[in-house]
Amino acid sequence: MGMIVLLRSARLSRASGLCRFSKSSKIDSVCRGYVVAVVVVIVVIVAERLIMDSYEEGENPSNLKGFTVSVVFSQLLGLVLIVLLSFWLGHYRGGFAWQTDLNLQFNYHPLFMVIGFILINAEALMTYRVFRNQQKYCIKVLHGVMQIASLVFAIVGIKAVFDTHNLAQTPIPNMYTLHSWLGLTTVLLFSLQVVVAFFSFLWPGISYNLREQLMPIHTFIGKAILVMAAISCLTGMTEKAIFALKTSYPTELEGKLINSMGLVLVAFVGIVLFIVSWSPWQRIPPPEERHIQLSE
């Protein structure tokens, strides 16, 4: 099924002329964005297969009623979001480049921020629900690796937008909009969350009681960061639409595409928050883990 989706996407890309030659006879930079999108699609397909393998033999199937549908639906929404985003940046915004064309370099900013702070971050939040039957330490490492990957994408995305402003012939001011303030606050809070979590939950020697006290705070901040990231993305999309389309925003198809992306993003974040907050779907530690916890 995954290969069929990828082949169809490739045929549609060729048919629509997205991977074409530019005026300078170089391969259009749209292709770079589609490579990133295809990689994300492959990751989503593999994740879905792992999801099915992880809880097919769960501890109490009645407690997981609706869980499968919710998780798969969230993955489909994430897939739709990245496809719409790639199409918008490739078809309407010209594709991608790095410092050879600052306008195209900017396009890495929304792409990487959505991939990092929305998609990968959301998947990291769901690891404890999805991989409920795996060893907790393995889940913990996977969760941490995915959060670090989110931060790497975000750093590159921020680098892209600062270069666009600072390297322009007439430099553009930085950090003067609500979107930029929200975005930077989210990045700083996320970075602090990663550092504190590493020393609290992965560093050896921390007592179980202390970790148990910190866990509710950690989970709340994690959900809050996802909401802040979503708000930052929505304000950024609106800001870009207003700056680029100006008075034609209400009538252009690009404006409707941007609005549609925003709705998909809200739906994706909403269902992810539901999955990680619905108490019947909470991971139940196996007996051996409970024994270890009591012995600490």
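Residues numbered from 1 in each chain as written. Predicted model: local features only at pLDDT ≥ 70, side-chain atom pairs only at ≥ 80, totals over all residues. Heavy atoms only, no water.

- Going by an unreviewed UniProt entry, the protein chain carries the name Cytochrome b561 domain-containing protein and comes from Octopus vulgaris.
- Its UniProt record gives the protein chain a comment under Subcellular location (unreviewed entry), which states: "Membrane".
- The Cofactor (unreviewed entry) comment attached to the protein chain in UniProt states, word for word, "heme b". (UniProt positions renumbered as here; feature names shortened; annotations may be inferred.)

**Notes on the side chain of Lys 140**
Here comes step 1: Considering the arrangement of structural elements, one finds Lys 140 in helix H7 (residues 136-166).
Here comes step 2: You can call Lys 140 buried: its relative accessible area is 15%.
Here comes step 3: Setting aside residues up to four positions removed in sequence, Lys 140 forms contacts with Tyr 128, Phe 201, Leu 202 and Arg 211. (Helix = DSSP H or I, 4+ residues; strand = E, 2+ residues; numbered from the N terminus. Buried < 20%, exposed > 50% of the residue type's maximum accessible area, 1.4 Å probe, protein only. Contact = heavy atoms within 4.5 Å.)

**Some remarks on the pattern of salt bridges**
Here comes step 1: Taken as a whole and assessed by the stated rule, the structure comprises two salt bridges.
Here comes step 2: One salt bridge connects Glu 254 with Arg 93, and the closest N-O pair in it is separated by 2.8 Å. Taken together, the residues Glu 254 in helix H10 (residues 253-277) and Arg 93 in the loop between helix H3 (67-92) and helix H4 (102-106) connect sequence positions 161 residues apart.
Here comes step 3: The exposure class assigned to Glu 254 is buried, which follows from its relative accessible area of 5%.
Here comes step 4: Overall, Arg 93 belongs to the partly exposed group, its relative accessible area being 23%. (Salt bridge = Lys/Arg side-chain N within 4 Å of Asp/Glu carboxyl O.)

**Brief notes about H3**
Here comes step 1: Between its first and last C-alpha, H3 extends 37 Å over 26 residues, near the 38 Å set by a 1.5 Å rise per residue.
Here comes step 2: Phi turns positive, to about 95°, at Gly 94, one or two residues after H3. (Expected span 1.5 Å × (residues − 1).)

**A look at a nonpolar patch on the surface**
Here comes step 1: Side chains of Ile 172, Tyr 176, Ile 242 and Phe 243 sit close together on the surface and give an oily, nonpolar patch of about 390 Å² of accessible area.
Here comes step 2: Residue position: Ile 172 is located in the loop between H7 and helix H8 (178-202).
Here comes step 3: Its relative accessible area of 35% is what places Ile 172 among the partly exposed residues. (Patch = residues over 30% accessible without salt bridge, like charges linked within 9 Å, V, L, I, M, F, W, Y side chains within 5 Å. Areas by Shrake-Rupley, 256 points an atom, 1.4 Å probe, with all protein chains shown as cover.)

**Topic: the nonpolar core**
Here comes step 1: Core analysis: the biggest nonpolar cluster contains 58 residues, and Leu 85, Leu 111, Ile 118, Leu 265, Phe 268 and Val 269 have the highest contact counts within it.
Here comes step 2: It is helix H5 (residues 108-125) that contributes the most residues to this core, 13 residues altogether.
Here comes step 3: In contact with Phe 268, not counting residues within four places along its chain, are Ser 74, Leu 77, Gly 78, Ile 118, Leu 119, Ala 122 and Glu 123. (Core = buried A, V, L, I, M, F, W, Y, C linked by side-chain atoms within 4.5 Å.)

**Notes on the UniProt feature "transmembrane region" (unreviewed entry) in the protein chain**
Here comes step 1: Sequence positions flagged by UniProt for "transmembrane region" (unreviewed entry) are, in local numbering, residues 33-52, 64-88, 108-129, 141-162, 182-203, 215-237 and 257-276.
Here comes step 2: Summarising residues 215-237: 100% helix, 0% strand, and an end-to-end C-alpha distance of 33 Å.

**Notes on the packing of H8 against helix H9 (residues 208-245)**
Here comes step 1: Contact pair H8 / H9: the axes reach a minimum separation of 9 Å and the direction vectors enclose 155°. If you check the angle between H8 and H9, you find them roughly antiparallel. Between H8 and H9 lies a crossing of left-handed hand.
Here comes step 2: Classifying every residue of the contact of H8 with H9 by side-chain character gives 12 nonpolar, 11 polar and two charged. (Axes fitted to C-alpha atoms, helices over the stretch in contact; angles between N-to-C directions. Parallel < 35°, antiparallel > 145°, perpendicular 65-115°, else oblique. Left-handed = near helix turned anticlockwise from the far one by under 90°. Nonpolar A, V, L, I, M, F, W, Y, C, P; charged D, E, K, R; others polar.)

**Thoughts on unusual backbone geometry**
Here comes step 1: Positive phi, normally seen in glycine, also occurs at Gln 99, with a value near 70°.
Here comes step 2: Take Gln 99: it is sitting in the loop between H3 and H4.
Here comes step 3: One non-glycine residue, Lys 246, lies in the positive phi region at around 55°.
Here comes step 4: Locating Lys 246 in the fold gives a position in the loop between H9 and H10.

**With respect to the environment of Gly 94**
Here comes step 1: Position of Gly 94 relative to the elements: it lies in the loop between H3 and H4.
Here comes step 2: Since its relative accessible area comes to 30%, Gly 94 is described here as partly exposed.
Here comes step 3: Linking Gly 94 and Asn 107, residues 13 residues apart in sequence, is a C-alpha distance of 8.6 Å.

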